[in-house]
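Inside the fold
Listed below are the residues making up each chain.
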Amino acid sequence: MRPWAAVALTLLACVGCEKKKPEPSGPGRIVALDTEVAGLSGLTRDEHGAFWAAAERGDSVLRIDPATMGITQYPVVGLSEGIDLEALTWVDGTRFVLGTETQESGRSRDLILDGRIEGQAFKVTPIGHLDYVHWQMTARNNHGIEGACQVKGVLVFATELALDDRGRRWAPLGVFDPATQRWTAHRVALSTEDGKLAALDCRELEGSIEALAVERHYGVARLLRFSVPRGEGQSIEPRVVTDLSKLVAPMPNFEGLIWQEDGSVVLLTDNQYRGSARGPSRLYFIPASQMP
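Just so it is clear, the model here is predicted, and its values are computed rather than measured.

Basis of the calculations
- Residues numbered from 1 in each chain as written.
- Predicted model: local features only at pLDDT ≥ 70, side-chain atom pairs only at ≥ 80, totals over all residues.
- Heavy atoms only, no water.
- Disulfide = S-S within 2.5 Å.
- Helix = DSSP H or I, 4+ residues; strand = E, 2+ residues; numbered from the N terminus.
- Buried < 20%, exposed > 50% of the residue type's maximum accessible area, 1.4 Å probe, protein only.
- Phe/Tyr/Trp six-rings, centres within 6.5 Å; stacked < 30°, edge-to-face > 60°.
- Lys NZ or Arg CZ within 6 Å of the ring centre and 35° of its normal.
- Contact = heavy atoms within 4.5 Å.
- Salt bridge = Lys/Arg side-chain N within 4 Å of Asp/Glu carboxyl O.
- pLDDT = per-residue confidence, 0-100.
- Polar contact = N/O pair within 3.5 Å; in protein donor to acceptor, adjacent residues only side chain to side chain.
- Pairing = 2+ DSSP bridges.
- Axes fitted to C-alpha atoms, helices over the stretch in contact; angles between N-to-C directions.

We now examine the state of the cysteines. According to the stated counting rule, one finds one disulfide in the structure shown. Residue Cys149 pairs covalently with Cys202 via a disulfide, S to S 2.2 Å. Between Cys149 and Cys202, the S-S torsion sits near 120°, and that sign places the bridge as right-handed. Of this pair, Cys149 sits in strand β10 (residues 145-151) while Cys202 is found in strand β15 (residues 196-205), placing the two residues 53 residues apart along the sequence.

Here's what the structure looks like:
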């Protein structure tokens, strides 16, 4: 066979072939979630250790069994059209609080929801707003509340917004204390030129709220740790504890975070891009040894 003919046959044999995608790798266990629900955003854990995640488009909330990784799907009821679920934190019993966003540009606030398991459904009810006027800014489309956590009822909300001030980039961080019914407007320094806060978890440490957050963008994924101040709003300087871009490949879109008691981290990926799912959603279990 002539050389050009062999090349032609090889090319014909590969017509329609797809380039094989590299398998995900990281320093710990990686679990592909067995669900058809796409576009997960927000991750939390209840008192029994079960994981919970919300579908961005608001059709479902998932319970993930921590031992078997089996999934129970709860349809969401009560959500208005055009509102996306982006953040989720367990509060107590069967109650959760959720953060949202919309596709409207120039809006001054985003809705906060109460979520409760009622039978086989997940019922949501509006309970308030995060007002961006606290930071003298508005939200662009598809950017809103990306992380939520709570310590003894005090709620902390991370936003995907970014503001520039004197050559630095900052992410608004809102804290709501139900005891006083007051909001406190902090801002967190971002560590990269393009990154934004995409997930959040927090815990009590010596009477203070200690937070862990994901800063991410294309090719950027870092874990930031910081204390949430009491009193008036402040500028917070976080510490970069882990550069995930050096540990995980290929780089996924992390949009959920659980900070476990042993110091390890569970990260949730959003598998949806421009309306299409690309592979399964995954949980990445990052060991405590990677959290200096």
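Of note, Thr184 is situated in strand β14 (residues 182-189). In this structure Thr184 comes out as buried when scored by relative accessible area, which is 18%.

This paragraph deals with the packing of aromatic side chains. Taken as a whole and judged by the stated rule, the model has seven aromatic pairs. Ring geometry for Trp52 and Phe96: centres 5.0 Å apart, planes at 55°, overall tilted. Of this pair, Trp52 sits in strand β3 (residues 51-55) while Phe96 is found in strand β7 (residues 95-101), placing the two residues 44 residues apart along the sequence. Of the residues examined, Phe96 reaches a relative accessible area of 1% and is grouped as buried. Plain terms: the ring middles of Phe157 and Trp183 are 5.8 Å apart, the flat faces sit at 40° to each other, and that makes the pair tilted. On the criterion of sequence distance, the pair formed by Phe157 in strand β11 (residues 154-159) and Trp183 in strand β14 is long-range, its members being 26 residues apart. Positioned over the ring face of Trp259 is Arg203, at 3.8 Å from the centre of the ring.

In this section: the environment of Thr184. Linking Thr184 and Leu130, residues 54 residues apart in sequence, is a C-alpha distance of 11 Å. With near-sequence residues (within four places) excluded, Thr184 lies in contact with Leu173, Gly174, Val175, Gly231, Glu232 and Gly233.

Turning next to the pattern of salt bridges. For the coordinates displayed, the defined rule picks out 15 salt bridges. Residue Asp110 pairs with Arg107 through a salt bridge whose shortest N-O separation is 2.7 Å. Relative accessible area serves as the criterion here: at 2%, Asp110 is assigned to the buried category. Note on Arg107: relative accessible area 5%, which makes it buried. Ionic contacts of the salt-bridge type, sharing partners, join the residues Arg95, Asp114 and Arg116 into one network.

As a further point, take the confidence of the model for the protein. Across the protein, the average pLDDT comes to 92, with 91% of residues at or above 70. Residue range residues 3-13 is modelled with pLDDT below 50. Its contacts to residues more than four positions away, or to other chains, number two contacts.

Positionally, Glu210 belongs in strand β16 (residues 208-217). In this structure, the C-alpha to C-alpha distance between Glu210 and Arg107, residues 103 residues apart in sequence, is 30 Å. Not counting chain neighbours up to four residues away, the residues in contact with Glu210 comprise Asp201, Cys202, Arg203, Leu205, Arg225, Phe226, Ser227 and Trp259. A distance of 3.0 Å separates a polar atom in the side chain of Glu210 from a polar atom in the side chain of Arg225.

Let's shift gears to the sheet that holds strand β24 (residues 282-286). The strands making up a sheet associate through backbone hydrogen bonding, with each pair oriented either parallel or antiparallel. Reading across from one edge, β1-β24-β21-β20 is the order of the four strands in this open sheet, with antiparallel pairing throughout. A single partner strand is all that each edge strand has here, and the edge strands are β1 (30-32) and β20 (254-259). Strand-to-strand twist of the sheet, defined as the mean angle between neighbouring strand axes without regard to direction, takes the value 20°. Of the strand pairs in this sheet, β1 and β24 are connected by three bridges, and their pairing is antiparallel. Counted as the bridge partner of Val31 is Leu283 from β24.

By the criterion of burial, β24 is predominantly enclosed, with four of the five residues buried. Summarising the sheet, strand β21 (residues 265-269) and β24 pair through four bridges and their orientation is antiparallel. Residue pairing for β24: Val266 is matched across the bridge by Phe285.

A word on unusual backbone geometry. Cis geometry marks the peptide bond from Ala249 to Pro250, where omega comes out at -15°. For Pro250, the location among the structural elements is in the loop between β19 (239-243) and β20. Of note in this structure, Asn142 is not a glycine but carries a positive phi near 65°. Looking at where Asn142 falls in the secondary structure, it is placed in the loop between β9 (121-131) and β10. On the basis of relative accessible area, Asn142 is assigned to the partly exposed category, the value being 34%. Of note, Lys152 is a non-glycine position whose phi angle comes to about 50°, a positive value. Checked against the element boundaries, Lys152 lands in the loop between β10 and β11.

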